[in-house]
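# Structure at a glance
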Amino acid sequence: MQRRVQPTSEAIRAGNRARVVDILRRSGSATRAELINGTGLSRATVSSLIGELADRGLVSEYQQPAADSPGRPPTRLALNRAAGLAIAVDVGVRHVAVAVGDLSRSVLAERWVSLPQGHSAQRGTHIVMRSIETTLAEAEADRDQVVGAAISIAAPIAPDSGRFLVPGVLPGWNGPELAEQIGRTWDIPAAVENDANLGALGESAAAGPHGQDLLYVKLASRVGLGIAFGSGIYRGRDGYAGELGHVTADPDGPTCWCGRRGCLELYAGAEGMLARLAGRGIHLGDVSELIQRAEAGDADVLAVIQDGTRHLARALGTLALVLNPSVIALGGELTALGALLLDPVHAELAAVPFGSPVAVRTSALGPRASLMGALALVLSESSRFTDQSSAPVIPNSGRATSCGTVPSRSLHHRSTVS
């Protein structure tokens, strides 16, 4: 009969320390009361652990003014850069973006590079690797501070392997190769994730406790959906959750590339709208021209857009009934349509019969939603990137302070590559 090995007092303390660190990683910041509620530990134990983490230079304390609350606001705690940095990469149809952030959710450096539509994976990978080097230097980051990297890309991703489940919108990008190269170069765990999923995570983190049950709908070349429940991503059994673009809008409609007929993205996605206009003999160059023609009042363009937004509004009404989210955030290039997009969606969701009305808005983060979601992924799913068996034990780097304002720098560099 085997004897059960009882954990030592130090092992128990390390586990409790890890629980405090994990809450701060996932939430960005917390009060002492929130840490007590989140961990179930006593006030004395939490205070002792915070003191230990502060002595090691891992935690900073600050007060965030609350304009609508009388009295002194409670002290909040956040992890500082000594506890680790994260790399985020967003590979888009016409851009590559890289950011470096710390575990208090401060962006230390950020770089965007414009690329021609249809850019090759080889060229994009070279620019990503070069941009990471530059951004880490701008953030004054040591390599041993980086705990992980997350990459956003427009394709359904297998959660276990990072391979593309179906072809994405970017030619040549078809698997975890970029993540593997980043991992080898900087000796860190790196993960690749669907852009709409990360958009949902970024919007949820930005919304705080009011965004824990949030749907992010990306309306760009195609239609994507990210689902953030409980501050985490819902991917489904095989990673296909969120394929809103392939819900049937018209069973008698044209055949989609997926093999089904009348898929929503054939009507509500930019590629679908442009194809429908081409079928009428109206050939537009890109989404920007589509939006310009709509703003100018082009009747044919407006008819196609109105038909697409009507189908989209119905699909979102069904989602609201099935999932009952707190917020639906709309992102992507087509949000530039403004009221042409939002008005039919608001009208449809106002008619949902059960529960309180769903808040519908355009993305608070705009084009940065997926990039910020990639940073948030390293924080919210920290077990994928760091060993959470114990909290990090890192000597004080001299940069951190145990009181005052959480350091925050945001450097934005936007370059164009011809």
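Above this text is the structure in question.
Let me sum up the structure you'll find in this document. The structure displayed is predicted, hence computed values, not measured ones. Residue positions are given per chain, counted from 1 along the sequence in the order it is written. Local features are withheld for residues below a pLDDT of 70 in this predicted model, meaning they are given only at 70 or higher, and side-chain atom pairs are given and counted only at 80 or more; totals for whole chains, interfaces and linings count all residues. To get the side-chain values, all heavy atoms of the structure are used, and hydrogens and water are removed first.

Core analysis: the biggest nonpolar cluster contains 40 residues, and Val217, Leu244, Leu290 and Leu312 have the highest contact counts within it. By the criteria applied, helices consist of DSSP H or I runs no shorter than four residues and strands consist of E runs no shorter than two, each listed in order from the N terminus. Mapped onto this core, the elements with two or more residues apiece are strand S9 (213–219), strand S10 (223–229), helix H8 (270–279), helix H9 (287–295), helix H10 (299–323), strand S12 (327–331) and helix H11 (339–350). Should any heavy atoms of two residues lie within 4.5 Å, those residues are considered in contact. Sequence-distant contacts of leucine 312, that is, excluding residues within four places in its chain, are made with Val217, Leu219, Leu264, Ala268, Leu341 and Val345. Definition used in this section: a nonpolar core is a set of buried Ala, Val, Leu, Ile, Met, Phe, Trp, Tyr and Cys residues joined via side-chain atoms within 4.5 Å. Relative accessible area decides the class of each residue, using a 1.4 Å probe on protein chains only: under 20% of the type maximum gives buried, over 50% gives exposed, and in between gives partly exposed.

Here we come to the packing of H9 against H10. Angles run from 0 to 180 degrees between N-to-C directions of axes, and those axes are lines fitted to C-alpha atoms, restricted for helices to the stretch in contact. With their axes 8 Å apart at the nearest point, H9 and H10 run at an angle of 110 degrees to one another. Judged by the angle between their axes, H9 and H10 are roughly perpendicular. Of H10, the residues touching H9 (which contributes Leu290, Arg293 and Ala294) are Val301, Leu302 and Ile305. Grouping the constituent residues of the contact of H9 with H10 by class yields 5 nonpolar, no polar and 1 charged. Between 65 and 115 degrees an angle is taken as roughly perpendicular, under 35 as roughly parallel, over 145 as roughly antiparallel, and anywhere else as oblique. Think of it as three bins: nonpolar holds Ala, Val, Leu, Ile, Met, Phe, Trp, Tyr, Cys and Pro, charged holds Asp, Glu, Lys and Arg, and polar takes everything else, Gly as well.

Within strand S2 (residues 59–63), 4 of the 5 residues are buried, which leaves it mostly tucked inside the rest of the structure. Bridge count between S2 and strand S3 (residues 75–79): 5 bridges; the pairing is antiparallel. Along S3, the bridge assignment pairs valine 59 with leucine 79. For two strands to be treated as a pair, DSSP must find at least two bridges joining them.

Okay, the pairing of S9 next. With respect to burial, S9 is a largely interior element, 5 of its 7 residues being buried. Bridging between S9 and S10 involves 7 bridges; their strand directions are antiparallel. Paired with lysine 218 across the strands is glycine 224, a residue of S10. Here S9 folds back onto S10, and the loop between the two strands holds 3 residues. Looking at chain direction, S9 and S12 are connected through 5 bridges and run parallel. Residue pairing across strands places valine 217 opposite leucine 330, the latter belonging to S12.

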